[in-house]
Amino acid sequence: MLQRLIAGVERALPGQCAVCRAWPAQSLCESCVARFAQPRPRCIRCALPVGPGVAQCGRCLAHPPPLDACYAAVIYDYPWSALIAQYKFNGQAGWARVFATLMRSTPWVEPALEDADLVLPMPLAPERLSERGFNQSLQLARLLAPGRVDARLLLRIRHTPAQAALDRRGRLANVKGAFAVDPLRAHEAQGKRIVLVDDVMTSGASLHSAAQALKDAGAENVTAIVLARTDEPGA
């Protein structure tokens, strides 16, 4: 009861924008959202930037990924990279609501969520979950699709080293076989339209590995919705 009262008081009090420091403002003011979260043309399969009127990038045309679609809200750059770090590594889980609103506002995200039979967060290895105290993707998924999130169907079966220092080929090898569908529930993925939720997409290696596991279990369609996407094809 006390925690709810404190949360209500905090929502009622004026705040300061975390980016431009405008006062009073929400944690992210409308001006900064308009400035830093403008939609841009992206490849429908991997969410990398493309030219106007282009549906798919050359890489996805030549080598179609296991993702049928991928939508990204913002570029993984200033100010988002710092804000996401606060969210993931500094225990500031309150950012989830702001980020989920940005994701839901991204073109084609609402229809993808409405069409989904299942919404799955990218699972964390137990070691990472212990370090952070929460799964950032699960928090986002619950806000995007209340009541329709399944956090146990897709499993992370292998802990992998951090991806930051690896190139794209190394990232792909690092997460190969890292995900699996719960063998006792694999039938629940058959013929389903599934949305995967994650916070950051770099090379796409983790999302591709997870999507392939779901496709191998019989999923009809796998779409990814991510908060931020790096814009370097080789990242």
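Residues numbered from 1 in each chain as written. Predicted model: local features only at pLDDT ≥ 70, side-chain atom pairs only at ≥ 80, totals over all residues. Heavy atoms only, no water.

Draft legend 1. Local environment of the overall build of the protein chain. Broken down by element type, the protein chain carries 10 helices and 6 strands. Counting across all 235 residues of the protein chain, residues that qualify as buried make up 48%. Long-range contacts, defined here as pairs at least 24 residues apart, represent 70% of the contacts in the protein chain between residues at least 6 apart. Carbon and sulfur atoms make up 54% of the accessible area of the protein chain, which amounts to about 12300 Å² in all. (Helix = DSSP H or I, 4+ residues; strand = E, 2+ residues; numbered from the N terminus. Buried < 20%, exposed > 50% of the residue type's maximum accessible area, 1.4 Å probe, protein only. Contact = heavy atoms within 4.5 Å. Areas by Shrake-Rupley, 256 points an atom, 1.4 Å probe, with all protein chains shown as cover.)

Draft legend 2. Quick peek at the side chain of K88. Within the secondary structure, K88 sits in helix α4 (residues 80-89). Overall, K88 belongs to the buried group, its relative accessible area being 14%. Within polar-contact distance, the side chain of K88 engages the side chain of D199 at 3.1 Å. (Polar contact = N/O pair within 3.5 Å; in protein donor to acceptor, adjacent residues only side chain to side chain.)

Draft legend 3. Representation of the pattern of salt bridges. One pass over the structure, following the stated rule, counts 8 salt bridges. Close ionic contact of R42 with D231 constitutes a salt bridge, the shortest N to O distance being 3.2 Å. One end of the pair, R42, is in the loop between α2 (30-36) and α3 (58-62); the other, D231, is in the segment after β6 (221-229), with 189 residues separating them in the sequence. Of the two residues, R42 and D231, both sit in the buried class. Close ionic contact of R104 with E110 constitutes a salt bridge, the shortest N to O distance being 2.9 Å. When its relative accessible area of 26% is taken as the criterion, R104 is described as partly exposed. Salt bridges here are not isolated pairs; linked through shared partners, they connect R40, R42 and D231. (Salt bridge = Lys/Arg side-chain N within 4 Å of Asp/Glu carboxyl O.)

Draft legend 4. Structural view of the packing of α4 against helix α5 (residues 95-104). Interaxial distance between α4 and α5 falls to 10 Å at its minimum, and their mutual angle equals 135 degrees. As judged from the angle between their axes, α4 and α5 are oblique. The interaxial crossing formed by α4 with α5 has left-handed handedness. In this structure, α4 contributes W80, L83, I84, Q86 and Y87 to the contact, and α5 contributes W95, A96, F99 and L102. Considered class by class, the residues forming the contact of α4 with α5 number 8 nonpolar, 1 polar and no charged. (Axes fitted to C-alpha atoms, helices over the stretch in contact; angles between N-to-C directions. Parallel < 35°, antiparallel > 145°, perpendicular 65-115°, else oblique. Left-handed = near helix turned anticlockwise from the far one by under 90°. Nonpolar A, V, L, I, M, F, W, Y, C, P; charged D, E, K, R; others polar.)

Draft legend 5. Quick peek at the sheet that holds strand β5 (residues 193-201). Pairing within the open sheet is parallel, and its 4 strands lie in the order β1-β6-β5-β2. Two strands close off the open sheet at either side, each with one partner strand: β1 (69-75) and β2 (118-121). Averaged over all neighbouring strand pairs, the angle between strand axes comes to 20 degrees, with direction disregarded. Pairing analysis gives 4 bridges linking β2 to β5, with the strands arranged parallel. Across the sheet, the residue bridging to P121 is V197, located in β5. (Pairing = 2+ DSSP bridges.)

Draft legend 6. Geometry of unusual backbone geometry. A cis amide bond links W23 with the next residue in sequence, P24, at an omega value of -5 degrees. With respect to the helices and strands, the residue P24 is situated in the loop between α1 (2-12) and α2. The omega angle of the peptide bond from Y78 to P79 is 0 degrees, so this bond is cis rather than trans. One can find P79 in the loop between β1 and α4.

Draft legend 7. Spatial organisation of α5. Of all the 10 residues making up α5, 7 are buried; the element is thus mostly covered by neighbouring parts of the structure. Turning to α5, its buried residues number three or more, namely W95, A96, V98, F99, A100, L102 and M103.

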